[in-house]
Each structure stands twice: as structure tokens, then as C-alpha cells.
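Each chain is listed here by its residues.
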Amino acid sequence: MTTTSPTTAPWRATVLTLFPEMFPGPLGLSLAGRALASGIWALDAHDIREYALDRHRSVDDTPAGGGPGMVLRADVLARAIDAVAAPGQPRLLMSPRGAPLTQNLVRELAQGPAPLIVCGRFEGIDQRVIEARHLSEVSIGDYVLSGGEIAAMTVLDACVRLLPGVMGRLSSGEDESFSDGLLEYPQYTRPQEFEGRLIPAVLLSGDHAKIAAWRRSEAEALTKSRRPDLWARRSDEAPAKKGPKNTTDG
Ligand code: SAM
């Protein structure tokens, strides 16, 4: 899916899915799409069904112990993982039971080798392959999707925008929600007046120290009121917010 030669090796992610045609999907557009086209990252989406063991290409079976739905088979998935996993690649399984996806995890993934991401379907996947292939379960939130593909795209989108050269300025990712345990301050742009509402005067003052202080205090107030859990978790030694960020579409 890379269209031009990058000067360095791309951050190459691997996805195992029953619907490879869903990829790159929205990741082929805008910021992530441009980065994909320019070779900053690459994506290999593989069809789990290619690794089926029978002539019907079955990938699932009924749950042991009974119950509704179907379960992805351990033997088929293990075969697929063994065939496509690169050495040293983090292995994720998208799963509502997983550790919540956080900006810290995203940063960690973006800074290391791109992950192999397994997308579940049906009732999920056989527990034995999770253990035997050391898959780390990651959840994108406390709700249930019909499959792991959109969750995998969420992980990839969040990582790709942090890769060097993807956003307009190196510091772009450092001054936004979650970067130091705070939600982002409110943003404004022209026109100066909208339906009687004005841009806060401090933002037009040209006084960068005052602007930074205002943003910091707005970010703290928002975090306290909207996300008391984040506020409580925030460590005292979190680094101070940096200056205003660049304008990008990401
Ligand atoms: N029976 C499973 C349960 O109750 O935990 C839900 C299976 S769900 C219908 C099918 C697949 O969607 C999962 O295996 C997983 O890959 C993906 N999925 C669903 N919700 C998700 C979430 N919140 N985060 C990450 N992946 C999710």
C-alpha cells in the first residue's frame, strides 16, 4: 500500500482480520492517508481465512460448554499469527475485555515497532491462542462492537498521527488532550464574533505567557469538571504544557 519510497523503513503494521478489504478504509484518507502514501507507515492486512485448515475454509466453531454464537478457532488463528508476525512486533488483540487504550499506550506503540493487531469477530476467540501467542488484549471503550476492525483502525490512527513527519510540527502531539493528563483547552478561530460570542480577549492579546496560563487554567478546569477520574490520577510532577500548537487537520 506504500506508493512512494520512504528514506527510512516505514512503521509497518500488520492486521489479521476476516475482512481485509475494510483496510485501509478511513486510514487511506487525510493525515493518515497522506502518511501512508508517502511511505511513513505501511499496512499489511491479512485474511485469517487464508489459514483455515479444511476445504470449507472454516475459521470458527460453536463454543465449548454451549451458548450462543461462534468462536474463532485457536488452531487457525495461531497458524495465521505464525505466518505473518514479525520478530519483536507487539501483538495486540482488540477485545472489550482488554486494557483500555490510552494516549500513553498509543505513544509507546508509535515509538516502537508497529504492532500486529488481531481483529476478533463472533463471540470472540479461543482463550488458548491468546495465551499461547502472547496476545495483549486492548479495548477502545466500554461498549461492544461487532468486530475488531474499527477498534484496530482506532489504534492505528492514534499511533500514525504521532509518527515523525506526520503532523505539521514536531510538538503538535504534545499540547493536546491527555498529553500531560489534562483535557485540551477550548479552541477558537475567525470570525472574532460568532452570534454575539467573542473569542476570549486574552487569546488576541499577543501575550504568549498570558495565553499559556489561560490555556493551562482552562484545561485544568475542564478536566476537573468533565473527567474527575483523570484529574485524580494526574501525577503532581506532570510536565507543564508547552506553547500553542500548530494548525493541522489531525
Ligand atoms: N463476546 C465478546 C464479549 O462479550 O466480550 C464480544 C465479542 S464482539 C461481538 C466481536 C469482536 O469485536 C471482539 O472479539 C473484538 O475483537 C471486537 N470488539 C468489540 N468491542 C470492542 C471494544 N470495545 N474494544 C476492542 N475490540 C472490540
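What this report covers is the structure whose coordinates are included nearby. Everything numeric here is computed off the predicted structure, so don't read it as measured data.

Taking strand neighbours across the sheet as the criterion, the five strands line up as S2-S1-S6-S5-S7 in an open arrangement whose pairing is parallel. The sheet terminates laterally at strand S2 (41-47) and strand S7 (136-139), the two strands that pair on one side only. When the angles between neighbouring strand axes are averaged without regard to direction, this sheet yields 35 degrees. As defined by bridge partners, strand S1 (residues 11-17) adjoins strand S6 (residues 116-119) across three bridges and the pair is classed as parallel. Note that in S6 the partner of Leu16 across the bridge is Val118.

Attention now moves to the site of the ligand. Lining the immediate surroundings of the ligand are 19 residues, of which Met94, Gly120, Glu123, Tyr143 and Leu145 lie closest. Note that an oxygen atom of the ligand is positioned 3.5 Å from one of the backbone N or O atoms of Gly147. Contacts to the ligand include Gly148, whose backbone N or O atom sits 3.5 Å from an oxygen atom. Starting from 580 Å² of accessible surface for the ligand in isolation, the protein chains cover 83%. Every element with two or more residues in the shell around the ligand is listed here: strand S5 (91-100) and S7. No other element matches the three residues that S5 contributes to the shell around the ligand. Looking at the shell around the ligand residue by residue, the classes come out as nine nonpolar, eight polar and two charged.

What counts, and at which threshold
- Each chain carries its own residue numbering, running from 1 in the written order of its sequence.
- Whole-chain, interface and lining totals are the exception, using all residues; otherwise, since this is a predicted model, local features are given only for residues with pLDDT of at least 70 and side-chain atom pairs are given and counted only at 80 or more.
- For side-chain calculations, the full set of non-hydrogen atoms in the structure is used, while hydrogens and water are omitted.
- Criterion used throughout: strands pair if DSSP finds at least two bridges between them.
- The way it works is that DSSP assigns letters per residue, a run of H or I at least four long becomes a helix, a run of E at least two long becomes a strand, and they are numbered from the N terminus.
- Between the N-to-C directions of two axes lies an angle of 0 to 180 degrees, each axis being a line fitted to C-alpha atoms and, for a helix, fitted only over the stretch in contact.
- Nearness here has a simple test: a residue counts as near a molecule or strand if at least one of its heavy atoms is within 4 Å of that partner.
- Think of a polar contact as two N or O atoms within 3.5 Å of one another; within protein, one of them needs to be a possible hydrogen donor and the other a possible acceptor, and neighboring residues in sequence only count if both atoms come from side chains.
- All accessible-area figures derive from a Shrake-Rupley calculation using a 1.4 Å probe, and residue coverage is judged against the displayed protein chains alone.
- Put simply, Ala, Val, Leu, Ile, Met, Phe, Trp, Tyr, Cys and Pro go in the nonpolar bin, Asp, Glu, Lys and Arg in the charged bin, and everything else, Gly too, in the polar bin.

Interpretation note: all reported values are geometric properties and have no functional meaning in isolation.
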